[in-house]
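A look at the structure
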Amino acid sequence: MTADTVFILNPISGNGRTGRHWRAYEAFFRRHLGGGFEVRRTERPWHAAELSKAAVLGGARTVVSVGGDGTLNEVTNGLLDGTGRPWSAEARLAVLSLGTGSDFVKTLGETQRPEDLVRRLQQDRVRVIDAGVCEYAVAGAPRARYFLNVAEVGSGGAVVDRVNRTTKILGGKTSFLIAILRTLPGYRNTRIAYAADGVPPKEAVVNDVVGANGKYFGGGLRPAPKADLADGLFDVVVIGDIDFRTTRKNLPLLREGKHLELPYVTWFRAKELTTRTATEMIDLDGEYVGQHAQRFAILPGAIRLVDGGEKGG
């Protein structure tokens, strides 16, 4: 019989800090939550999705993602079936974000402190939020993957790929900044055709296309400052044909969420976005998943989130 609450722990998240500090965290949770929870550790890529699915099918009411945004992405994928519906209508997601970027929880205004997670669990308040699905192709074969925070097609995928292939010892903000400064000088913008909610497609040379459910990505950058996790819409941000000098100059505006009025930025809201690309890289919640993105769609009210009532920025 599965416990009512299951912690899905990624011990290598946060450059290994999560695993090193988990004994102290778990002792704290045992003192304040009692013994009525299980801890299941990930051992390989996609294991968090498998563990999350097994937990809810086994009767768990609350699944706690312990790790970074990538761990949270996998846990979310485990909560939803192949049609975008939850395996269990009673299952709730809670987050203890201990990873490198920890961008999703910035929208929520949540912290990394274990006492705040205990408070959220004890208050037992649930907020229904949206998720997204990305459909793409690998070697011509169709694939689909859910995401909770942000999807990107373009330079963001290349930056995320570099971050995940190098050390993250310097933390989220610095790790992503270094990856941006090393990746974008050699990045070549490409032509993409995209269409939203049945509107005739547009074609343009772009640097990045962002479909945002949450507000933040890239270790604290704020591409979608007006995004709402529960409005049933993506905030779509298209960054046009810019060079590295322009990117570097306006990076502070992107960090502050003040870039939407720049002449090379297009912003709109949509339930669905279709794209046609050549080899543009796809980033979902800080994870590089492949190329050849075809469709992004919002899944309204797909996730029941344990929410402590914090206000995000």
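You'll find the structure just up there.
Now for a description of the structure that goes with this document.

Quick notes on the rules
Residues numbered from 1 in each chain as written. Predicted model: local features only at pLDDT ≥ 70, side-chain atom pairs only at ≥ 80, totals over all residues. Heavy atoms only, no water. Salt bridge = Lys/Arg side-chain N within 4 Å of Asp/Glu carboxyl O. Helix = DSSP H or I, 4+ residues; strand = E, 2+ residues; numbered from the N terminus. Buried < 20%, exposed > 50% of the residue type's maximum accessible area, 1.4 Å probe, protein only. Core = buried A, V, L, I, M, F, W, Y, C linked by side-chain atoms within 4.5 Å. Contact = heavy atoms within 4.5 Å. 1 Å grid on protein atoms, 1.4 Å probe; cavity = no way out; pocket = protein on both sides within 12 Å on 5 of 7 lines; lining within 4 Å. Points joined across faces, edges and corners; volume = space filled by probe spheres on them. Nonpolar A, V, L, I, M, F, W, Y, C, P; charged D, E, K, R; others polar. Phe/Tyr/Trp six-rings, centres within 6.5 Å; stacked < 30°, edge-to-face > 60°.

1. Re the pattern of salt bridges
Note that side chains of opposite charge can pair when their charged atoms are close. Evaluated as defined, the whole model comprises 16 salt bridges. Ionic pairing is found between Asp124 and Arg92, a salt bridge with its closest N-O pair at 2.8 Å. Of this pair, Asp124 sits in the loop between α5 (114–123) and β5 (126–138) while Arg92 is found in strand β4 (residues 92–97), placing the two residues 32 residues apart along the sequence. Assessed through its relative accessible area of 3%, Arg92 is described here as buried. Salt-bridge contacts for Asp116 lead to Arg113; the nearest nitrogen and oxygen are separated by 3.1 Å. According to the relative accessible area criterion, Arg113 is partly exposed, its value standing at 45%.

2. Some details on the nonpolar core
The biggest cluster of nonpolar side chains holds 29 residues, and the ones touching the most others in it are Leu93, Phe104, Leu148 and Ile303. Among the elements of the structure, β1 (5–9), α2 (47–57), α3 (69–79), β4, α4 (104–108), β5 and β16 (293–306) are those that each provide at least two residues to this core. Those residues in contact with Leu148 that sit more than four places away from it in its chain are Leu72, Thr76, Leu93, Phe104, Ile129, Asp130, Ala131, Asn213, Leu229, Asp285 and Ile303. In this structure, Ala158, Val237, Ile239 and Met281 belong to the second largest nonpolar core, which totals 27 residues.

3. Topic: empty space enclosed by the protein
This model, assessed by the stated rule, comprises one cavity of 30 Å³ or more. Every residue lining the largest cavity is listed: Ala151, Glu152, Val153, Val209, Val210, Gly211, Leu273 and Phe296. For the lining of the largest cavity, the secondary structure elements donating two or more residues are β7 (150–154) and β10 (208–212). Partitioning the lining of the largest cavity into residue classes produces six nonpolar, one polar and one charged.

4. Describing the packing of aromatic side chains
Following the criterion strictly, the structure yields nine aromatic pairs and no others. Here the aromatic rings of Phe147 and Phe234 are separated by 5.7 Å at their centres, their planes lie at 15°, and the arrangement is stacked. With Phe147 in strand β6 (residues 141–147) and Phe234 in strand β11 (residues 234–239), this pair connects stretches of sequence that are 87 residues apart. The exposure class of Phe234 is buried, given its relative accessible area of 1%. By way of ring pairs, the aromatic residues Phe7, Trp22, Tyr25, Phe28, Phe29 and Phe37 are connected into one cluster.

Purely spatial values, then, with no claim about function.
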